[in-house]
Amino acid sequence: MEIIIRDDYASVSQQAAVAVADLLRAQPQAVLGLATGSTPLGLYQELIRLHREENLDFSQVTTFNLDEYVGLAADHPQSYHYFMHDNLFRHINVPHENIHIPDGTASDYRAFCESYEARIESCGGIDLQVLGIGSDGHIAFNEPGSSLASRTRIKTLARQTIDDNARFFDSVDDVPIYAITMGVGTILDARKIILLANGANKASAVADAVEGPVTSMCTASVLQNHPDTIFFLDTEAADQLKMADEYRWIQDNKPGAP
Ligand code: F6R
């Protein structure tokens, strides 16, 4: 696990975009796993800028999103379909047929989840997975107590997540309580993972994930077992890390560091 601490959200987003862009330039047919929520917005804006100004090409890229609320149609303004098209896909040249987002209105959820896993596999697996982290330590919607071997399935959201996400809805009662989500095991299969976190409300979850025990009570902690994961943090999100100075020192002295 590599920990990169930056002064602010803008530099976190920019550094994460460099990681994505480096991959796409080396591997134009890469398969990306994508997240929604507030955290990756700066990353997506930077990718859009790189596409417009530096010809970053998405024409051969395939994408898989982590999750979607159950019951929200693709054109619902709070659906993750809507979010992804609005904040990324309509601004870049990724082919429509290469975009995959769980279907929150599937009539047979179990069959849909199995087919989502099969589709990831048939595309060769995820090369780079982008993650945020919930204030309860969740990745995707793998809430505390989720199996660390779980695959794509329906999950009931934790009440804390419903409260956290109420800011996107008119009222907390409008927040769906179920989501289709990639499992922890699905995420761990990605060849590379980048997790972004900013703001003081993520500091405790980040500390649990990076320096706590590996436990299903903080599903992000399982990333300690992944061979190629980078956490991009702003100073507020890194504030409860006991070894923050050590992580900074390691970055400053990395082979090839300026
Ligand atoms: C979203 C997702 C979630 C969010 C997490 C943080 O696709 O999988 O795990 O990454 O809830 O959300 P924000 O970024 O809004 O704080």
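So, a few notes on the structure that sits alongside this text. In this text, all values refer to a predicted model and were calculated from it rather than measured experimentally. (Residues numbered from 1 in each chain as written. Predicted model: local features only at pLDDT ≥ 70, side-chain atom pairs only at ≥ 80, totals over all residues. Heavy atoms only, no water.)

## As for the overall build of the chain
Part 1 of the reasoning: Secondary structure assignment for the chain yields 8 helices and 10 strands.
Part 2 of the reasoning: Relative to the globule expectation of 18 Å for 258 residues, the C-alpha radius of gyration of the chain, 17 Å, shows essentially globular dimensions.
Part 3 of the reasoning: Each principal axis of the C-alpha atoms in the chain carries an extent, and together these give about 55 × 40 × 35 Å.
Part 4 of the reasoning: When the 258 residues of the chain are sorted by exposure, 55% land in the buried category. (Helix = DSSP H or I, 4+ residues; strand = E, 2+ residues; numbered from the N terminus. Rg over C-alpha atoms; globule rule 2.2 N^0.38 Å. Buried < 20%, exposed > 50% of the residue type's maximum accessible area, 1.4 Å probe, protein only.)

## What about the pairing of strand 3 (residues 62–65)?
Part 1 of the reasoning: The alternating pattern of strand 3 places Thr62 and Phe64 and Thr63 and Asn65 on opposite faces, both of which are buried.
Part 2 of the reasoning: You can see the chain leave strand 2 (residues 31–34), run along helix 2 (residues 41–54) and come back into strand 3, and the turn it takes is right-handed.
Part 3 of the reasoning: Note that strand 3 and strand 5 (residues 99–100) share 2 bridges and pair parallel. Bridged to Thr63 within strand 5 is Ile99. (Right-handed = clockwise from strand over helix to strand, strands pointing away. Pairing = 2+ DSSP bridges.)

## Overview of the site of the ligand
Part 1 of the reasoning: The immediate surroundings of the ligand are formed by 14 residues, with Thr39, Asp67, His138, Ala140 and Lys202 found nearest.
Part 2 of the reasoning: Contact between the ligand and Ala140: an oxygen atom at 2.7 Å from a main-chain N or O atom of the residue.
Part 3 of the reasoning: Compared with its free state, where it exposes 410 Å², the ligand has 93% of that area covered by protein.
Part 4 of the reasoning: The class makeup of the residues in the shell around the ligand is 4 nonpolar, 7 polar and 3 charged. (Near = heavy atom within 4 Å. Polar contact = N/O pair within 3.5 Å; in protein donor to acceptor, adjacent residues only side chain to side chain. Areas by Shrake-Rupley, 256 points an atom, 1.4 Å probe, with all protein chains shown as cover. Nonpolar A, V, L, I, M, F, W, Y, C, P; charged D, E, K, R; others polar.)

## A short note on the packing of helix 2 against helix 3 (residues 80–87)
Part 1 of the reasoning: At their nearest, the axes of helix 2 and helix 3 sit 10 Å apart, and the two run at 40 degrees to each other. As judged from the angle between their axes, helix 2 and helix 3 are oblique. Residues Leu41, Tyr44 and Ile48 of helix 2 lie in contact with helix 3, whose contacting residues are Phe83, Met84 and Asn87.
Part 2 of the reasoning: For the contact of helix 2 with helix 3, a count of residues per class yields 5 nonpolar, 1 polar and no charged. (Axes fitted to C-alpha atoms, helices over the stretch in contact; angles between N-to-C directions. Parallel < 35°, antiparallel > 145°, perpendicular 65-115°, else oblique. Contact = heavy atoms within 4.5 Å.)

## Here we look at the pattern of salt bridges
Part 1 of the reasoning: Scanning all chains against the criterion turns up 10 salt bridges.
Part 2 of the reasoning: Among the salt bridges present, the one from Glu2 reaches Lys254, with a minimum N-O distance of 2.6 Å. With a gap of 252 residues between them, Glu2 in strand 1 (residues 2–6) and Lys254 in the segment after helix 8 (244–252) connect regions that are remote in the sequence.
Part 3 of the reasoning: Assessed through its relative accessible area of 22%, Glu2 is described here as partly exposed.
Part 4 of the reasoning: Ionic pairing is found between Arg151 and Asp189, a salt bridge with its closest N-O pair at 2.9 Å. In this pair, Arg151 sits in the loop between strand 6 (128–131) and strand 7 (153–156) while Asp189 sits in the loop between helix 6 (184–188) and strand 9 (192–197), placing the two residues 38 residues apart along the sequence.
Part 5 of the reasoning: When its relative accessible area of 34% is taken as the criterion, Arg151 is described as partly exposed.
Part 6 of the reasoning: When salt bridges with common partners are traced through the structure, they connect Glu46, Arg49, Glu53 and Glu54 into a single cluster. (Salt bridge = Lys/Arg side-chain N within 4 Å of Asp/Glu carboxyl O.)

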